[in-house]
Structures are given as C-alpha cells and as structure tokens.
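Chain and residue survey
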Amino acid sequence: MLEPKVEARLLQELQVQRHEKALEIGTGSGFMAALLAHRAMHVHTLECRPELVQMARDNLRRNGLANVTVHQVSAAEGARACRRGAVRRHPPLGSVAEVPPALLAQLKVGGRLAAVVGELPMMRARLFKRVGDAAWSDIDLFDTVAPRLQGFAEPTRFHF
C-alpha cells in the first residue's frame, strides 16, 4: 500500500469527476477505493491477495460505499487490468518498472492513469493522459518510493 499522503496526492492529480468510472489496481485495505468512490460514479478495484480482498470488502461495506466492486484476480490479471470496457481513471497502488502500453490503451480519450514508476532508489509518480485515439501525454509529478505491484514485468538485468 502507498502512504496516505501519496494516495491523496495521486487522487488530487487524477481530478476524478462524478460521471467517471475508475479502475484501481492493488486494493489493499480499500482506502483509495473509498476515496475514489466519493468522487467517481463507480470504482472497480483489483486485488490478488484473498485476505486483502476480504478486508477491503468489509471496510467498504462498513462505511456504506455501494459504488465500489472489489474483484479478486490473479497477479497477472491485475497487471493486465482485465476489466471490460475502457475507463477514465487508473491509480495503480504500488510501483511498476514501466507502465504497460496495453494498460494505457484501455483508457478512453481524456482518461488518466497515475502510477509510481521506476527502480530503487529513485521512483517517480507520473500522470499519463490519453489525448487522442493513438496519443498519450505524461508528466512527472513528484519523487517517491513504493513497493512493487505483483504481476507486472520487471526489466531484464545483466548477470555474470
């Protein structure tokens, strides 16, 4: 899970609107899903660890959030973000070496994806936006460090 201040900053940068659907990768406790639910029409959140799926469902139900669906998926499915239909917002809650192009392709035009990208000791929170049918923009937001999300490809390393 990301630190709450990092999650809050990513949420702020995503500028989620009430008419939008959001997809979160890496549910954790459900904290970010709850924040997204207060801004979005509906949130789909993907988690591969059964104990966290149950924790998030319990936390969200206890707080009366009916516009969030917690999906238990394999780590590979989470990395592909296999949900039907393109979405407007993705906040992966963890870091990735790089954002897979297939994940960016799921965004609708105008959709955004916030992610922590890079390798230790330096990672950056980045905001990607689909600006056309086959065009994306991205900006670096701030430096941070986050644990790796399971299921995402790692860069190859040279070994002797």
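Definitions and limits used
Residues numbered from 1 in each chain as written. Predicted model: local features only at pLDDT ≥ 70, side-chain atom pairs only at ≥ 80, totals over all residues. Heavy atoms only, no water. pLDDT = per-residue confidence, 0-100. Helix = DSSP H or I, 4+ residues; strand = E, 2+ residues; numbered from the N terminus. Buried < 20%, exposed > 50% of the residue type's maximum accessible area, 1.4 Å probe, protein only. Pairing = 2+ DSSP bridges. Polar contact = N/O pair within 3.5 Å; in protein donor to acceptor, adjacent residues only side chain to side chain. Contact = heavy atoms within 4.5 Å. Arc of directions from axis to C-beta. Salt bridge = Lys/Arg side-chain N within 4 Å of Asp/Glu carboxyl O.

This next bit is on the confidence of the model for the chain. Per-residue confidence for the chain averages 87 on the pLDDT scale, and 89% of its residues sit at or above 70. Mean pLDDT across the elements of the chain bottoms out in strand β4 (residues 87–90) (54) and peaks in helix α3 (residues 50–62) (97).

With that out of the way, let us pick up the pairing of strand β6 (residues 107–119). In terms of residue burial, β6 counts as a mostly covered element, since 10 of its 13 residues are buried. Pairing between strand β5 (residues 95–96) and β6: two bridges, direction parallel. Paired with Val96 across the strands is Val117, a residue of β6. Bridge count between β6 and strand β7 (residues 122–132): eight bridges; the pairing is antiparallel. Looking across to β7, one finds that Ala115 is bridged to Arg126. A loop of two residues connects β6 with β7, the two strands running antiparallel in sequence.

Along the chain, Leu120 connects to Pro121 via a cis peptide bond; the corresponding omega equals 10°. Residue Gln15 is not a glycine yet carries a positive backbone phi of 50°. Its location among the elements puts Gln15 in the loop between α1 (4–14) and β1 (21–25). For Gln15, a relative accessible area of 43% corresponds to the partly exposed category.

For the rest of this paragraph, the subject is the side chain of Thr45. Relative to the helices and strands, Thr45 resides in strand β2 (residues 42–47). Judged by its relative accessible area of 0%, Thr45 is buried. Polar side-chain contacts of Thr45 include one of 2.5 Å to the side chain of Glu24. What Thr45 contacts, discounting residues up to four positions off in sequence, is Glu24, Thr27, Ala33, Val68, Thr69, Val70 and His71.

Turning our eyes to something else, we now look at the environment of Gly118. Secondary-structure assignment places Gly118 in strand β6. Taking the C-alpha atoms as reference points, Gly118 and Ser95, 23 residues apart in sequence, are found 7.3 Å from one another. Apart from the residues within four sequence positions on either side, Gly118 is in contact with Val96, Ala97, Met123 and Arg148.

Here we take up α1. The set of residues buried in α1 consists of Val6, Glu7, Leu10, Leu11, Glu13 and Leu14. One side of α1 carries all its buried residues, which in axial view fall inside an arc of 165°. Along α1, the residues that are exposed and aim more than 90 degrees away from the buried face are Pro4, Lys5 and Gln12.

With the rule as written, the count across this model stands at eight salt bridges. The closest approach of N and O atoms between Arg9 and Glu13, which form a salt bridge, is 3.2 Å. With Arg9 and Glu13 both in helix α1 and four residues apart, this pair spans about one turn of that helix. Judged by its relative accessible area of 18%, Glu13 is buried. For Asp140, the salt bridge goes to Arg126, with nearest N and O atoms at 2.9 Å. Placement of the pair is Asp140 in strand β8 (residues 135–144) and Arg126 in strand β7, with a sequence separation of 14 residues. By relative accessible area, which is 45% here, Asp140 ends up partly exposed. In this structure Arg126 comes out as partly exposed when scored by relative accessible area, which is 22%.

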